[in-house]
Amino acid sequence: MYSRVYVEITNICNLRCSFCHGHSRKAKTMTEPEFARILQQLQGKTEYLYYHLMGEPLLHPQLARFLEMAKEAGFRSNITTNGTLLPKVGEQILKAGVHKVNISLHSLEAGDPGVYVENCAVFAVLARTYGTIVSFRLWTGKNDTILENLQKALPGDWKENTRGYRIREGIFLEFGEKFQWPDREAEQGDDRVSCYGMRDHFGILCDGTVVPCCLDSEGVIALGNVFTEELTDILATPRSVAICKGFQNRKATEDLCRRCGYARRF
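Residues numbered from 1 in each chain as written. Predicted model: local features only at pLDDT ≥ 70, side-chain atom pairs only at ≥ 80, totals over all residues. Heavy atoms only, no water.

S.K.: Can you tell me about the packing of aromatic side chains, naming the residues and giving the values?
M.R.: All chains considered together, the criterion is met by six aromatic pairs. A ring pair is formed by tyrosine 2 and phenylalanine 202, whose centres lie 4.9 Å apart and whose planes are at 85°; its orientation type is edge-to-face. Taken as a pair, tyrosine 2 in the segment before strand E1 (4-7) and phenylalanine 202 in strand E9 (residues 201-204) lie far apart in primary sequence, 200 residues in all. Judged on exposure class, the residue tyrosine 2 and its partner phenylalanine 202 are both buried. Measuring from centroid to centroid gives 6.2 Å for tyrosine 165 and phenylalanine 175, while their planes differ by 75°, and the two rings are edge-to-face. (Phe/Tyr/Trp six-rings, centres within 6.5 Å; stacked < 30°, edge-to-face > 60°. Helix = DSSP H or I, 4+ residues; strand = E, 2+ residues; numbered from the N terminus. Buried < 20%, exposed > 50% of the residue type's maximum accessible area, 1.4 Å probe, protein only.)

What follows is the structure, given as structure tokens:
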């Protein structure tokens, strides 16, 4: 069993954040039959689905339906969003049974920080009435403007922990460090790196391409396609197995992995 699988239901986003690597793939939104096929192929392989690699999942017009389908199939759905569309579709995804919502607050490109953060905070409070966990994410360190607005919107006795703060029951703030995304043009390091890609997770792009991790935004390490092949066969190919065994031994078998700043952190 994998701890999670990343499923990119759309590669379209409504923001262009400075932190995000982006992609040059053709814009695509996953269809319901395609998502159904993925659910069928993931049976017995994981319990948790994460709806992103690239793109803003809240842009998908059938997101609530996808969440219902996943819940009916026994999966727990986790969404990572920039939060800008929560006032519009937030309650819909809560009613559909989303398990956890990660809200990336790493950018001020979303507009007025006070209104933006207030809207996200209102959603977080509502989410707790549905039993949904909410985690605010800051990937660019302690942004004072965002922190001040978040503390104003969610006052109380914040409890510091190893990853950030427990704001309230089921509502958290986590900090993350900037890192270099894998890029074919980046400087190549040595092969002595470790990663959890193919060990406890992998990703499926919106066109069905299977990739070893959530940072392969261009689908460079294309292991197969779930729309034309069986996922079990894809995960058992020599290339897939080599990636997994390589990381177990702290060795990168793929060129892109040797150009990944995140992997070198380990």
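S.K.: How would you summarise the environment of threonine 80 if you had to cite specific residues and measurements?
M.R.: Among the secondary structure elements, threonine 80 is positioned in strand E3 (residues 76-81). Assessed through its relative accessible area of 15%, threonine 80 is described here as buried. In sequence terms threonine 80 and serine 135 are 55 residues apart; their C-alpha atoms lie 9.2 Å from each other. Apart from residues lying up to four places away in sequence, threonine 80 is in contact with His52, Pro57, Asn102 and Ser104. (Contact = heavy atoms within 4.5 Å.)

S.K.: An account of unusual backbone geometry is requested, with residue identities and associated values reported.
M.R.: The backbone of methionine 198 shows a phi angle near 70°, a positive value even though the residue is not glycine. Examined against the element boundaries, methionine 198 turns out to sit in the loop between strand E8 (171-175) and E9. Within the chain, arginine 250 stands out as a residue other than glycine whose phi angle is a positive 55°. The residue arginine 250 is located in the loop between helix H7 (238-248) and helix H8 (261-264) in this model.

S.K.: Just give me the short version of the state of the cysteines, but keep the residues and values in it.
M.R.: Here a disulfide denotes a covalent bond joining the sulfur atom of one cysteine to the sulfur atom of another. Under the criterion given, the structure shown has zero disulfides. No disulfide involves cysteine 195; its sulfur sits 5.4 Å from that of cysteine 213, the nearest cysteine. On the basis of relative accessible area, cysteine 195 is assigned to the buried category, the value being 12%. (Disulfide = S-S within 2.5 Å.)

S.K.: Help me get a handle on the environment of isoleucine 243, residues and values and all.
M.R.: Relative to the elements of secondary structure, isoleucine 243 occurs in helix H7. With a relative accessible area of 1%, isoleucine 243 lands in the buried category. For isoleucine 243 and glycine 197, which are 46 residues apart along the polypeptide, the C-alpha to C-alpha distance reads 7.9 Å. Once residues within four sequence positions are removed from consideration, isoleucine 243 is found in contact with Gly197, Met198, Pro212, Ile221, Leu223, Thr253 and Glu254.

S.K.: Provide a residue-level description of the pattern of salt bridges, including the pertinent values.
M.R.: If you walk through the whole model with that rule in mind, you get twelve salt bridges. Residue lysine 159 is joined to aspartate 157 by a salt bridge in which the shortest nitrogen-to-oxygen separation is 2.8 Å. Take lysine 159: its relative accessible area is 44%, and that puts it in the partly exposed class. A single salt-bridge network, built from bridges that share partners, covers Arg137, Arg163 and Glu174. (Salt bridge = Lys/Arg side-chain N within 4 Å of Asp/Glu carboxyl O.)

S.K.: Could you give me a rundown of the pairing of strand E4 (residues 100-104), with the residues and numbers involved?
M.R.: Counting buried residues along E4, five of its five residues qualify, which places the element largely inside the surrounding structure. Neither face of E4 is left uncovered, since the one carrying Lys100, Asn102 and Ser104 and the one carrying Val101 and Ile103 both have all their residues buried. Across four bridges, E3 lies against E4 in parallel orientation. When the sheet's bridge partners are listed, threonine 80 is paired in E4 with asparagine 102. One crossover worth recording links E3 to the parallel E4 by way of helix H3 (residues 86-95), and it is right-handed. As judged from the five bridges shared by E4 and strand E5 (residues 133-138), these two strands associate in the parallel manner. (Pairing = 2+ DSSP bridges. Right-handed = clockwise from strand over helix to strand, strands pointing away.)

S.K.: Lay out the pairing of strand E7 (residues 164-168) in plain terms, naming residues and giving numbers.
M.R.: When strand E6 (residues 159-160) meets E7, the two strands line up antiparallel, connected through two bridges. Each residue of the ladder has a partner; that of glutamate 160, found in E7, is tyrosine 165. The turn joining E6 and E7, which pair antiparallel and follow one another in sequence, is formed by three residues. Inspection of the sheet shows E7 paired to E8 by four bridges, in the antiparallel sense. Directly across from arginine 166, in E8, lies its bridge partner phenylalanine 172. Between E7 and the antiparallel strand that follows it, E8, lie two residues; glycine 170 among them carries a positive phi value of about 80°.

S.K.: Can you lay out the sheet that holds E1 for me, pointing to particular residues and giving the numbers?
M.R.: Strand order in the open sheet formed by eleven strands is E6-E7-E8-E5-E4-E3-E2-E1-E9-E10-E11, with mixed pairing between adjacent strands. Bordering the open sheet on either side are E6 and strand E11 (224-225), each of which pairs with just one other strand. With two bridges connecting them, E9 and strand E10 (residues 209-211) associate as antiparallel partners. In the strand pairing of E10, glycine 203 is matched with valine 211.

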